[in-house]
Amino acid sequence: MRRRLLIGLTALSVLTAATACGSSGSDEPDRAGSSGGTTDVTVGLIPIVDVAPLYLGRKKGFFSERGLKLDFSSAQGGAAIVPGVASGQFEFGFSNMTSLMIARSNGVPVKAVANGIASTGVVGEDFEALTVRGDSPVESAKDLEGRKVAINTLKNINETAVRASVRKAGGDPDKVELVELAFDQMPAALDAGRIDAAMVVEPALATVKSQGGREIASPMIDIAPKLTVAMYFTSTEYARENPEVVKKFQEATAESLAYADSHPDEVRETVTTYTKIPPDVLAKVTLPKWPAEPNRAAIERLAELGAQDGLFKQTPDLDELLP
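Residues numbered from 1 in each chain as written. Predicted model: local features only at pLDDT ≥ 70, side-chain atom pairs only at ≥ 80, totals over all residues. Heavy atoms only, no water.

Chemist: Any chance you could explain the overall build of the chain here in plain terms?
Modeler: The helix and strand inventory of the chain stands at 14 helices and 11 strands. Out of the 323 residues in the chain, the part that is buried amounts to 52%. Taking contacts inside the chain between residues at least 6 apart in sequence as the whole, the part at least 24 apart equals 81%. About 13700 Å² of surface is accessible on the chain, with carbon and sulfur atoms providing 49% of the total. (Helix = DSSP H or I, 4+ residues; strand = E, 2+ residues; numbered from the N terminus. Buried < 20%, exposed > 50% of the residue type's maximum accessible area, 1.4 Å probe, protein only. Contact = heavy atoms within 4.5 Å. Areas by Shrake-Rupley, 256 points an atom, 1.4 Å probe, with all protein chains shown as cover.)

Next up, the structure:
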C-alpha cells in the first residue's frame, strides 16, 4: 500500500509538467459580484464524460456568480490528482471513491466536498459494463473463472466491481485473472481475443458494442444500486482555512450537476470541447447520473468490499472523508 502511495506522490513531478500545458483555462462569463471580488481556484480533472457538469457550470456562470473563477488542469486519473490536491497544487480535484478511501487509509489528508457521478442503477443501461466478444462462450461473470479480464487499474474501484459481479454470479473472484489495461485499449484487445472480458466505461463501452461485443454484468450496480462512483474533493487543510470558498464550490457544483442531469444534449456538446470523442460515438454513449448528494449507504458497501479485497492499510473513516 505504501508503495502505491509513493508512486502516486512521485507522479506529482510528472503531473506538474503535464498540467503546465494541460490547463484548459477559463471561459466563464464575468458574473461575479463586485463587493466580494473573485477567487481563483484550480481543479484537477480527468478529461472524461464524468466531469462535463463542471465545464457546463463554468460556461453557464454558476461559479462566477458566486465569486469563483475556475481553471481546469488535466490528469490521467484520480490517483495522480490526489497528491496534487494534498500538496496544494490544486484547490479541488475529481477522483473515484476507492482512490479517496485508499488515500485516507494511508494518512493522506483529503476531504470529499461535492458529489461527482453515480451509476444509473439500471442493469444493462449503465455507463460501465463487464463485456465479452459477441461469440464468447461466457454467459455470466461466474464463467470468468480461469479467464483473463482487463481492468484499468489493479487494486482500485474496478477490481472491486468485477469481483463483486463474480461473487454475485456464484463464482470465485480469486480464480479470475485480472490484468491492467487502459480503457481505450480494451476494445481492440477484446476484439482480437487477447483478453476474455473487459471492464469498460464510456466511451469504450460504446466502441465495444459497435464491434458486436455484449454485456454480461453491470459491476457498479452489483456493488450497490445507484453507487456513488466519484466525488470532488479538497485537502483537509484547504477546507479548514477556506470554508467559504468550499461552500461556494459545493453550491455551484450542485447547481451544475442538476443542470447537467436535466440537459443531456448540452452535456454531449460540452464533452466535445475537451475530449477527442467523435460526435457519432458520443451520440451513443450512456451518460452517468449526476445526483446532488452522495449515496452514503452505497459508499459504505464499497468500503466493505474494498476492505474484503485487501485494498486498505486500515479501514477509512467515512465520517472524516465525506461531507
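Chemist: Which parts of the structure should I look at to understand the nonpolar core?
Modeler: Core analysis: the biggest nonpolar cluster contains 90 residues, and Leu 130 and Phe 249 have the highest contact counts within it. Membership of the second largest hydrophobic core comes to 12 residues, among which are Ala 150, Met 186, Ala 198 and Leu 205. (Core = buried A, V, L, I, M, F, W, Y, C linked by side-chain atoms within 4.5 Å.)

Chemist: I keep staring at the sheet that holds strand S6 (residues 128-132) and nothing clicks. Help me out?
Modeler: Strand pairing within a sheet occurs via backbone hydrogen bonds; the two strands may be parallel or antiparallel. Taken in spatial order, the 5 strands make up an open sheet running S8-S7-S9-S6-S10, and their pairing is mixed. A single partner strand is all that each edge strand has here, and the edge strands are strand S8 (177-180) and strand S10 (214-217). Averaged over all pairs of adjacent strands, the angle between their axes in this sheet comes to 35°, without regard to strand direction. As paired elements, strand S7 (residues 148-151) and strand S9 (residues 197-201) share 2 bridges and run parallel to each other. Bridged to Ala 150 within S9 is Ala 198. Contacts from helix H5 (residues 157-168) reach S6, S7, S8, S9 and S10, with the element oriented near 140° to S7. (Pairing = 2+ DSSP bridges. Axes fitted to C-alpha atoms, helices over the stretch in contact; angles between N-to-C directions.)

Chemist: For this particular structure, what's the right way to read the environment of Leu 318?
Modeler: With respect to the secondary-structure elements, Leu 318 resides in helix H14 (residues 318-321). Residue classification places Leu 318 among the buried positions, given a relative accessible area of 8%. Expressed as a C-alpha distance, the spacing of Leu 318 and Met 101, which sit 217 residues apart in the sequence, is 8.0 Å. In this view, Leu 318 contacts Met 101, Arg 296, Ile 299, Glu 300 and Ala 303; residues no more than four positions away in its chain are not counted.

Chemist: Quick question: what am I supposed to make of the pairing of strand S3 (residues 68-74) here?
Modeler: It is a general feature of regular strands that their side chains alternate between the two faces of the sheet. S3 sits mainly inside the fold: 5 of its 7 residues count as buried. Pairing geometry for strand S2 (residues 39-45) and S3, over 7 bridges, is parallel. Counted as the bridge partner of Val 43 is Phe 72 from S3.

Chemist: Please clarify how helix H4 (residues 97-105) should be interpreted in this entry.
Modeler: What sets the pattern is the α-helix's 3.6 residues per turn: residues three or four places apart point alike. Of all the 9 residues making up H4, 9 are buried; the element is thus mostly covered by neighbouring parts of the structure. At the N-terminal end of H4, a side-chain oxygen is found 2.9 Å from the backbone nitrogen of Thr 98, two or three residues along, and the residue is Asn 96. Phi turns positive one or two residues past the end of H4, at Gly 107, with a value near 85°. (Polar contact = N/O pair within 3.5 Å; in protein donor to acceptor, adjacent residues only side chain to side chain.)

Chemist: How should I be thinking about the pattern of salt bridges in this particular structure?
Modeler: For side chains bearing opposite charge, pairing can occur when the charged atoms are close. Going through the model one piece at a time under the given rule, you end up with 18 salt bridges. For Arg 301, the salt bridge goes to Glu 304, with nearest N and O atoms at 3.1 Å. Taken together, the residues Arg 301 and Glu 304, both in helix H13 (residues 296-308) and 3 residues apart, mark about one turn of the helix. On the basis of relative accessibility, which here comes to 36%, the residue Arg 301 falls in the partly exposed class. Among the residues examined, Glu 304 registers a relative accessible area of 48% and is labelled partly exposed. Shared partners join several salt bridges into a network, and the residues in it are Glu 65, Arg 66, Glu 251 and Glu 255. (Salt bridge = Lys/Arg side-chain N within 4 Å of Asp/Glu carboxyl O.)

Chemist: It is not clear to me how unusual backbone geometry should be interpreted in this structure. Could you clarify?
Modeler: Phi is mostly negative for residues that are not glycine, and the peptide bonds are mostly trans. The omega angle of the peptide bond from Glu 202 to Pro 203 is 5°, so this bond is cis rather than trans. Tracing the sequence through the fold places Pro 203 in the loop between S9 and helix H7 (204-210). In this model, Lys 155 sits at a positive phi of 55°, which is unusual for a non-glycine residue. The exposure class of Lys 155 is partly exposed, given its relative accessible area of 33%. Positive phi, close to 55°, is recorded for Lys 226, a residue that is not glycine. Relative to the assigned elements, Lys 226 resides in the loop between helix H8 (219-223) and strand S11 (228-235).

Chemist: I'm lost on the confidence of the model for the chain in this one. Help?
Modeler: Across the chain, the average pLDDT comes to 89, with 88% of residues at or above 70. Counting contacts from residues 1-35, a segment whose pLDDT is below 50, to residues more than four positions away or on other chains yields 66 contacts. (pLDDT = per-residue confidence, 0-100.)

Chemist: When you look at the packing of helix H10 (residues 243-262) against helix H11 (residues 264-271) in this model, what are you seeing that I'm missing?
Modeler: Two quantities define a packed helix pair, namely the angle between the helix axes and the distance between the axes. Axis separation between H10 and H11 bottoms out at 5 Å; the angle between their running directions is 105°. On the basis of their axis angle, the class for H10 and H11 is roughly perpendicular. Note on element contacts: H11 touches H10 through Pro 264, Glu 266 and Val 267, opposite Tyr 259, Ala 260, Asp 261 and Ser 262. Within the contact of H10 with H11, the residues separate by chemical class into 4 nonpolar, 1 polar and 2 charged. (Parallel < 35°, antiparallel > 145°, perpendicular 65-115°, else oblique. Nonpolar A, V, L, I, M, F, W, Y, C, P; charged D, E, K, R; others polar.)

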